[in-house]
Amino acid sequence: MIELFGRWLVRKLDDRLRLAKYARHALNHVFPDHWSFMIGEIAFYAFLILVATGIFLAMFFNSSSAKVVYSGSYPALRGLQVPASFDSILHISLDVPAGLLIRQMHHWAALIFLAAIVTHVARVFFTAAFRRPRELTWIVGVTLLLLAVANGFIGYSIGGDLLSGPGLRICYAILMSVPFIGGWLAYLLLGGDVPSPLLTPRFYSLHIFLIPAAIALLLAIHLGLVWRQMHTNFPGPQRTNRTIVGSRLWPAYMAKSLGLFCILSGVVALLGALVQINPIWIYGPFDPTAILPGAQPDWYLGWIEGAMRLFPALKFRLGLLIPDVFFPAVVLPALVFLGLYLYPFLDKLVYGDDSDENHNVLRLPYQQPFNTAFGCAAFVFLLVLLFGGGDDVIATATGASVVTIRGILRVLALALPPLIFAMVYLYCKNVDRRHATVVEPAAEPAPEEPVRQ
Amino acid sequence: MSEDSERHPQAAHFSYLQVAWDLVKTAVRLAREAFPLFTPPAPAMRETKRLNDIDLQPRRQAAAHQHWGAGLVATGFLLSIAGALGFLIVFWNGASHLLLGLSLAICFGGLGVALVVYARWLMPDMQAVQARERLFSSAAQAELAEANFYQGAEEIPRRGLLGWMAVATVGFIAAIAVSIFRSLGRPPAGALFAPVWQRGEHLVRSDGTAARLDTLERGSAIIVFPPEKIGDERSQTVLLRVDESLVPQDARAGWSPHGYYAYSRVCTHAGCAVGLFEVTTCLLVCPCHQSSFDVLRGANPTGGPAARPLPQLPLYADADGTLRAGGDFTTPPGPGFWSMPPSPPAGGTE
């Protein structure tokens, strides 16, 4: 019965749109099977969860920062003057059925979204999947990472709570430290010095309209490019630059991928149920004179926070004042993202790859010693900075003084990356030499021309 | 009646027992199909070549799992349904956060496991080898497209003047789009340098009382504001008192009557509230990034990432012992920006 109706519907559509050819190509589209190719999918599905839970939250969120008297069900804050945004989040969390679950799922999905993107970027980097013809996919992907970081920060900053407030103060300081246009940026994005009544409506609009729309658009382009150019393969039998090996979309790949979506949703629901995240009623509303000790940003901004702590106090002026946070919080992130954007072109220089050949077979990490060593060194550098972002917490936990911890981390930040680079480079060279004596890839056979119907 | 029973023979013998027995038989049959412990598994379907395929490679031996696969998939689906029912029951009965989340996790998790096991153990698991489409146009195709573009352009009459006018129009509309951003607010040139304190103002606490010479014990600190700006982030000032014998006899000695000091409470590093006063070392410490400032030396930074001193507020006490501002901060308060004026020397004896 359902099948009959389905056939009828599809026929009627096809009579009007001539879809059969595309449908056939789509059903037989091949995706390679490898666990590491699922990481990007996790990011995509986390975005879907974010949109679904976010729509629910937006029904209740009040973006006004006007003061209201809290009268909800949390006794400790009753009668206190709080921003309306803070009040509405407490309402969602404590008084709306399933509200707390959806809100915690939203925050956990955001962390998983970022973690999946970062891991996906690492996978693509360490297998050189960014090479021709996929430079554009890479550039769109790095932009997606940038947008995800921005929207994550904006998302946890619109609560009007005491944990995010100082983060916004720091954000203001960073924006102000941008040369020449700093003031314009700060007033455009934050509406002026924090706390500004303009900030929450502006951030809310960015958080739910502009940035998600940009992410959705770029995601569509990203996936469209992956679809059109087809996925890369790891080296293996019958895997050449002219062929692709994997499961068909219908039925096996679709079932696996939907299964992954469901498992991810399950994990997010489990985290939302069991692991409390950002309980702003415990922190209380933002008060510009108060501050929470040991406050940390979400992990994907921890490296910038760490750089701000580890960077030494420079006392010099170049005619104009160079603000303290300019180098660690403006120059460093700009360099990191510039490096990411330009890496496909740097790779061409490093490996002398100026041919017009398309690369559809991945490199294994040991086959590209420079890239692997560089990537590991950069990763370790960012990891040390991330630890630097929690130096006070480490000091409290270990009993050492912050000064000691900071000194150690400064040394590590400078010494570890070159050390890691040298070790990884030599290791890869060694593995490569051993493999080179064993495997000699055969010349690519001329592929059969695909049957075109 | 007899004709009727011939048409529908079961109607005559209807009994609840019969229906129940039929249901049991159906359930057993479904269970036997789903859980093939009692029946041998059907041979797996073979995948055959389809569009664009060059070859098919077997991926792994899937048959070993087939025996269990169907049962596992069925269990996953059942778990998922149970989770969904659990969610509905909990939701309509008070919506406990924990139970809602757990049932939702079981619902999604069961479905996900069922789908993945279905795909990996039961569906034909062959790797299709396909030729990739070459993603570039032939020279002839590219030239045709280019030729059509220029052909169309040639067909546009009077494109010299009118074309440039079209471009100019778009430019002006773009100017509208850009200038609309002005409504979002421009940095008011004066706000960053606007004075906070005026000479003679009281130092007011958030409860409205003015600080006096007897307000603080030695080694304690409070937050004060100018009278008109109570609670204002940029105006927050820390008023603290040290032992008079500690006050150095430098150019700023007259700013600290009876060991009272006042500094901007906004960190010059990243703008956090400088919330801690370490009495024994006479340091103001910012809890955000652990910058420390020496109270007795014009709040010069002694550690951490801050490079500029906290702006100091000169103080004096009037005849009846009320503390008053002796002027404005030494520099505009808050984190640095490129056109920030230099901090005056602390005048201290280093």
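Data block above holds the structure.
The shown structure was predicted, so the numbers you read here are calculated from the model rather than taken from an experiment.

Engineer: Teacher, can you tell me more about the sheet that holds strand 2 (residues 126–131) of chain B here?
Structural biologist: Two modes of strand pairing occur in sheets, parallel and antiparallel, and in both the strands are linked by backbone hydrogen bonds. Spatial ordering of the open sheet is given by 1(A)-4(A)-2(B)-1(B), a layout of four strands whose pairing is antiparallel. Among the strands making up the open sheet, the edge pair consists of strand 1 (30–31) of chain A together with strand 1 (53–58) of chain B. Pairing analysis gives two bridges linking strand 1 of chain A to strand 4 (residues 243–248) of chain A, with the strands arranged antiparallel. Residue pairing in the sheet places valine 30 of chain A in a bridge with arginine 248 of chain A of strand 4 of chain A. Contacts between helix 10 (residues 249–274) of chain A and the sheet are confined to strand 1 and strand 4 of chain A, with strand 4 of chain A contributing the most and set at about 70 degrees to the helix.

Engineer: Looking at this structure, how should I read the interface of chain B and chain A?
Structural biologist: For an interface, size is often stated in terms of accessible area lost upon the parts coming together. Each side of the interface is counted separately: chain B has 83 residues, and chain A has 93 residues. Between chain B and chain A the total buried area reaches about 7200 Å² when both faces are included, carbon and sulfur atoms providing 61% of it. If you sort the residues of chain B by the area they bury against chain A, Leu51, Arg132 and Trp338 of chain B come out on top, with a joint share of 15%. Counting across the chain B and chain A interface gives three salt bridges. Between aspartate 53 of chain B and arginine 248 of chain A there is a salt bridge; the shortest N-O distance is 2.2 Å.

Engineer: Looking at this structure, I do not really get helix 12 (residues 299–310) of chain A. What am I missing?
Structural biologist: In an α-helix, one turn spans 3.6 residues; hence positions three or four apart end up facing the same way. Residues and elements named next belong to chain A. Taking 1.5 Å of rise per residue, the 12 residues of helix 12 would be expected to cover 16 Å, and the 17 Å separating its terminal C-alpha atoms lies within 8% of that figure. Taken across its 12 residues, helix 12 has 11 buried, putting it largely inside the fold. For helix 12, the full list of buried residues reads Tyr300, Leu301, Gly302, Trp303, Ile304, Glu305, Gly306, Ala307, Met308, Arg309 and Leu310.

Engineer: Before we go on, may I ask you to explain the pairing of strand 2 of chain B in this structure?
Structural biologist: Regular strands have side chains that alternate between both faces of the sheet. Residue and element names in this part refer to chain B. Of all six residues making up strand 2, six are buried, and the element is well covered by its neighbours. Alternating residues of strand 2 divide into Met126, Ala128 and Gln130 and Gln127, Val129 and Ala131, and every residue in both groups is buried. The pairing of strand 1 with strand 2 spans five bridges and is classified as antiparallel. Looking at the pairing, aspartate 55 lines up with valine 129 of strand 2.

Engineer: Please explain the pattern of salt bridges as it appears in this structure.
Structural biologist: When their charged atoms lie close together, side chains carrying opposite charge are able to pair. All names here are of chain B. Scanning the entire structure with this criterion turns up 18 salt bridges over all chains. Residues lysine 25 and aspartate 22 are paired through a salt bridge, measuring 3.9 Å at the closest nitrogen-oxygen approach. Taken together, the positions of lysine 25 and aspartate 22, both in helix 3 (residues 16–34) and three residues apart, correspond to about one turn of that helix. The shortest N-O distance in the salt bridge between aspartate 214 and arginine 212 comes to 3.6 Å.

Engineer: Got a minute to help me understand the side chain of serine 235 of chain B in this structure?
Structural biologist: Inspection of the secondary structure puts serine 235 of chain B in the loop between strand 3 (220–224) and strand 4 (237–241). Setting aside residues up to four positions removed in sequence, serine 235 of chain B forms contacts with Val196, Trp197, Val224, Phe225, Pro226 and Lys229 of chain B.

Engineer: Please clarify how the sheet that holds strand 4 of chain B should be interpreted in this entry.
Structural biologist: Residues and elements named next belong to chain B. Strand order in the open sheet formed by three strands is 3-4-5, with antiparallel pairing between adjacent strands. Only two strands of the sheet have a single partner each, and these edge strands are strand 3 and strand 5 (260–264). Sheet twist, expressed as the average angle between the axes of neighbouring strands with direction ignored, equals 25 degrees. As judged from the five bridges shared by strand 4 and strand 5, these two strands associate in the antiparallel manner. Within strand 5, the residue paired with valine 238 across the bridge is tyrosine 263.

Engineer: What should I look at first to understand the state of the cysteines in this one?
Structural biologist: Note on terminology: disulfide describes a covalent bond linking the sulfur atoms of two cysteines. If you walk through the whole model with that rule in mind, you get one disulfide over all chains. Cysteine 272 of chain B supplies the cysteine sulfur nearest to cysteine 171 of chain A, a cysteine that is in no disulfide, at a spacing of 12 Å. With no disulfide of its own, cysteine 267 of chain B has cysteine 286 of chain B as its nearest cysteine by sulfur position, at a separation of 4.0 Å. Among the residues examined, cysteine 267 of chain B registers a relative accessible area of 1% and is labelled buried.

Engineer: It is not clear to me how the packing of helix 8 (residues 182–190) of chain A against helix 9 (residues 199–229) of chain A should be interpreted in this structure. Could you clarify?
Structural biologist: Each pair of packed helices gets described by two things: the angle between the helix axes and the distance between those axes. All names here are of chain A. Here helix 8 crosses helix 9 at 80 degrees, and the two axes come no closer than 8 Å. Classified by the angle their axes make, helix 8 and helix 9 are roughly perpendicular. Residues Tyr187, Leu188, Leu189 and Leu190 of helix 8 form the contact with helix 9, whose own contacting residues are Leu199, Arg202, Phe203 and Leu206. Looking at the contact of helix 8 with helix 9 residue by residue, the class counts come to seven nonpolar, no polar and one charged.

Engineer: Teacher, can you tell me more about the nonpolar core here?
Structural biologist: Of all hydrophobic cores here, the largest spans 142 residues; its most connected members are Phe113 and Phe203 of chain A together with Leu284 of chain B. For this core, the leading source of residues is helix 5 (residues 99–126) of chain A, giving 15 residues. Once you skip the residues sitting within four places of it in the chain, phenylalanine 203 of chain A turns out to touch Phe153, Ile154, Ser157, Ile158, Leu168, Leu189 and Leu190 of chain A. Counting 16 residues, the second-largest nonpolar core is a separate cluster that includes Trp197, Leu213, Leu216 and Phe329 of chain B.

Engineer: So what exactly am I meant to see when it comes to the side chain of arginine 169 of chain A here?
Structural biologist: The residue arginine 169 of chain A is located in helix 7 (residues 164–176) in this model. Not counting residues within four places of it along the chain, the set of residues in contact with arginine 169 of chain A comprises Asp193, Val194 and Phe286 of chain A together with Glu233, Val266, Ala270, Gly271 and Pro335 of chain B.

Engineer: Just checking my understanding: could you explain the environment of threonine 143 of chain A for this structure?
Structural biologist: For threonine 143 of chain A, the location among the structural elements is in helix 6 (residues 135–157). As for threonine 143 of chain A and glutamine 238 of chain A, which are separated by 95 residues in sequence, their C-alpha atoms are 34 Å apart.

Engineer: Would you mind going over the packing of helix 5 of chain A against helix 6 of chain A with me for this structure?
Structural biologist: Residues and elements named next belong to chain A. One way to put it is that helix 5 packs onto helix 6 with a least axis distance of 10 Å and a crossing angle of 155 degrees. In terms of orientation, helix 5 lies roughly antiparallel with respect to helix 6. Helix 5 and helix 6 meet at a crossing whose hand is left-handed. Along its contact with helix 5, which presents His107, Phe113, Leu114, Ile117, Val118, Val121, Val124 and Phe125, the element helix 6 presents Trp138, Leu144, Leu145, Ala148, Val149 and Tyr156.

Conventions used here
- Residues numbered from 1 in each chain as written.
- Chains lettered and ligands numbered in written order.
- Predicted model: local features only at pLDDT ≥ 70, side-chain atom pairs only at ≥ 80, totals over all residues.
- Heavy atoms only, no water.
- Pairing = 2+ DSSP bridges.
- Helix = DSSP H or I, 4+ residues; strand = E, 2+ residues; numbered from the N terminus.
- Contact = heavy atoms within 4.5 Å.
- Axes fitted to C-alpha atoms, helices over the stretch in contact; angles between N-to-C directions.
- Buried area = accessible area lost by both parts, 1.4 Å probe.
- Salt bridge = Lys/Arg side-chain N within 4 Å of Asp/Glu carboxyl O.
- Expected span 1.5 Å × (residues − 1).
- Buried < 20%, exposed > 50% of the residue type's maximum accessible area, 1.4 Å probe, protein only.
- Disulfide = S-S within 2.5 Å.
- Parallel < 35°, antiparallel > 145°, perpendicular 65-115°, else oblique.
- Nonpolar A, V, L, I, M, F, W, Y, C, P; charged D, E, K, R; others polar.
- Core = buried A, V, L, I, M, F, W, Y, C linked by side-chain atoms within 4.5 Å.
- Left-handed = near helix turned anticlockwise from the far one by under 90°.

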